[in-house]
Amino acid sequence: VQLQASGGGLVQAGGSLRLSCAASGRTFSTYAMGWFRQAPGKERDFVAAISWSGGSTDYADSVKGRFTISRDNAKNTVYLQMNSLKPEDTAVYYCAADYLPAGPPSNWYRQYDYWGQGTQVTVSS
């Protein structure tokens, strides 16, 4: 599957952005999807994940209550709605696909088989 992330940009603290990740290739509903982020000089961190049906989600503690992951299988797209953004949310955001997962959506980056190219999110104070 090929993944194309978009929607990043520059926003002031307290603002909102919605990231999108469009998938092409294999049947989208066979994948759990995740969002990860990587700030300069830091490791890639888990942000959020969603099951193939959308019925199960998981979030990093740092984004709970501010970010929402969702998916539209008819449009082969997963979204990350980011509200109340903080400067520490600044990073490159990556979407990822986990093909035919055996369990709930994973927060472990090595579980994911395919990755998008990343989209930059910058939050100014």
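Residues numbered from 1 in each chain as written. Predicted model: local features only at pLDDT ≥ 70, side-chain atom pairs only at ≥ 80, totals over all residues. Heavy atoms only, no water.

**Remarks on the sheet that holds strand β3 (residues 17-24)**
Point 1. Strand order across the open sheet formed by four strands is β1-β3-β8-β7, with antiparallel pairing between neighbours. Only two strands of the sheet have a single neighbouring strand rather than two, namely β1 (2-6) and β7 (67-72). Along the sheet, successive strands turn relative to each other by an average axial angle of 15°, direction set aside.
Point 2. Inspection of the sheet shows β7 paired to strand β8 (residues 77-82) by six bridges, in the antiparallel sense. If you follow threonine 68 over to β8, its bridge partner there is glutamine 81. (Pairing = 2+ DSSP bridges. Helix = DSSP H or I, 4+ residues; strand = E, 2+ residues; numbered from the N terminus. Axes fitted to C-alpha atoms, helices over the stretch in contact; angles between N-to-C directions.)

**Regarding the pattern of salt bridges**
Point 1. What the rule picks out here adds up to three salt bridges.
Point 2. Of the charged contacts, one joins aspartate 89 and arginine 66 as a salt bridge, the two residues approaching to 2.8 Å between their closest N and O atoms. Pair noted here: aspartate 89 is in the loop between β8 and β9 (91-99) and arginine 66 is in the loop between β6 (57-59) and β7, with a separation of 23 residues, a long-range link.
Point 3. Arginine 66 sits in the buried class, given a relative accessible area of 11%.
Point 4. Each member of the salt-bridge network shares a partner with another, and the members are Arg37, Arg66 and Asp89. (Salt bridge = Lys/Arg side-chain N within 4 Å of Asp/Glu carboxyl O. Buried < 20%, exposed > 50% of the residue type's maximum accessible area, 1.4 Å probe, protein only.)

**Section: the packing of aromatic side chains**
Point 1. Counted according to the given criterion, the structure contains six aromatic pairs.
Point 2. Between phenylalanine 36 and tryptophan 115, the ring centres sit 5.1 Å apart and the planes meet at 55°, which makes this aromatic pair tilted. Placement of phenylalanine 36 in strand β4 (residues 31-38) and of tryptophan 115 in strand β10 (residues 114-115) is noted, with a sequence separation of 79 residues between them.
Point 3. Its relative accessible area of 27% is what places tryptophan 115 among the partly exposed residues.
Point 4. Three or more aromatic residues link up through ring pairs in this structure, and these residues are Phe36, Phe46, Tyr112 and Trp115.
Point 5. The cationic tip of arginine 44 hangs over the ring face of tryptophan 115; the distance from NZ or CZ to the ring centre is 4.8 Å.
Point 6. Of note, arginine 71 hangs over the ring of phenylalanine 28, and the distance from its end group to the ring centre comes to 4.4 Å. (Phe/Tyr/Trp six-rings, centres within 6.5 Å; stacked < 30°, edge-to-face > 60°. Lys NZ or Arg CZ within 6 Å of the ring centre and 35° of its normal.)

**Here we look at the side chain of arginine 71**
Point 1. For arginine 71, the location among the structural elements is in strand β7.
Point 2. Of the buried charged residues, arginine 71 lacks a salt bridge, with aspartate 72 as the closest side chain of opposite charge at 8.3 Å.
Point 3. Polar side-chain contacts of arginine 71 include one of 2.8 Å to the backbone oxygen of tyrosine 31.
Point 4. Not counting the four nearest positions on each side in its chain, arginine 71 is found in contact with Phe28, Ser29, Tyr31, Ala32, Met33, Ile50, Ser51, Trp52, Gly54, Thr77 and Val78. (Lys, Arg positive; Asp, Glu negative; His and termini not counted. Polar contact = N/O pair within 3.5 Å; in protein donor to acceptor, adjacent residues only side chain to side chain. Contact = heavy atoms within 4.5 Å.)

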